[in-house]
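Structural features, examined
One-letter residues, chain by chain:
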Amino acid sequence: MAIRRSGALHGLCYGMMERNRLVLRLHALERSPVNHELAGKVLDITLYAADLYATINGAHEIWLCDPVSPAHTRLYQSKGYSPVTNWRDDVTHLMLRLK
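If you're wondering where the values come from, they're calculated on a predicted model, not measured in any experiment.

Reading the values: the criteria
Residues numbered from 1 in each chain as written. Predicted model: local features only at pLDDT ≥ 70, side-chain atom pairs only at ≥ 80, totals over all residues. Heavy atoms only, no water. Helix = DSSP H or I, 4+ residues; strand = E, 2+ residues; numbered from the N terminus. Rg over C-alpha atoms; globule rule 2.2 N^0.38 Å. Buried < 20%, exposed > 50% of the residue type's maximum accessible area, 1.4 Å probe, protein only. Contact = heavy atoms within 4.5 Å. Areas by Shrake-Rupley, 256 points an atom, 1.4 Å probe, with all protein chains shown as cover. Expected span 1.5 Å × (residues − 1). Arc of directions from axis to C-beta.

**Quick notes on the overall build of the protein chain**
The helix and strand inventory of the protein chain stands at two helices and six strands. Each helix and strand of the protein chain, ordered N terminal to C terminal, gives the series β-β-β-α-β-α-β-β. Its C-alpha atoms give the protein chain a radius of gyration of 14 Å, within 12% of the compact-globule value 13 Å for 99 residues. The C-alpha extent of the protein chain, read off along each of the three principal axes, is 40 × 30 × 20 Å. Buried residues in the protein chain amount to 33% of all 99 residues. At a minimum sequence separation of 6, the contacts of the protein chain that also span at least 24 residues come to 51%. Element-wise, carbon and sulfur atoms account for 55% of the exposed surface of the protein chain, whose accessible area totals about 6600 Å².

**Brief notes about the environment of T85**
Here T85 is to be found in strand β5 (residues 82–85). Since its relative accessible area comes to 41%, T85 is described here as partly exposed. As a C-alpha pair, T85 and K41 span 44 residues in sequence and 28 Å in three-dimensional space. Contacts of T85, omitting those with residues within four sequence positions, involve D90, V91 and T92.

**Things to note about helix α1 (residues 42–56)**
In this model α1 runs 21 Å from its N-terminal to its C-terminal C-alpha over 15 residues, within 8% of the 21 Å that 1.5 Å per residue would give. Burial in α1 covers these residues: V42, L43, T46, L47, A50 and A54. Projected down its long axis, α1 shows its buried positions confined to an angular sector of 120°, all on one face. In α1, those exposed residues whose orientation departs by more than 90 degrees from the buried face are Y48 and I56. Against the buried residues of α1 lie β1 (2–5), β2 (8–17), β3 (23–31), β4 (61–65) and α2 (70–78). G58 sits one or two residues past α1 and shows a positive phi near 80°.

Shown next, in the form of structure tokens:
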């Protein structure tokens, strides 16, 4: 998904449904480093669109894969996502269960 305004790219997200269509995995969420009127809204717009897409396709969960940093993990947690860790306690992804 690309978020554009007035011809400028402000946000970009790449993801895919699992083959069983129960999980939508988002592998990249990026926003333009340039300050613009959508700077504080790109994540909310992206997560809202992902939620709608996953719900329409019957998914049960959304995963935000490979968070870049602990700060990103905290940001995603503030949006309702729960961290999932591996055996070394590294966060592999964050998960949101859909209703």
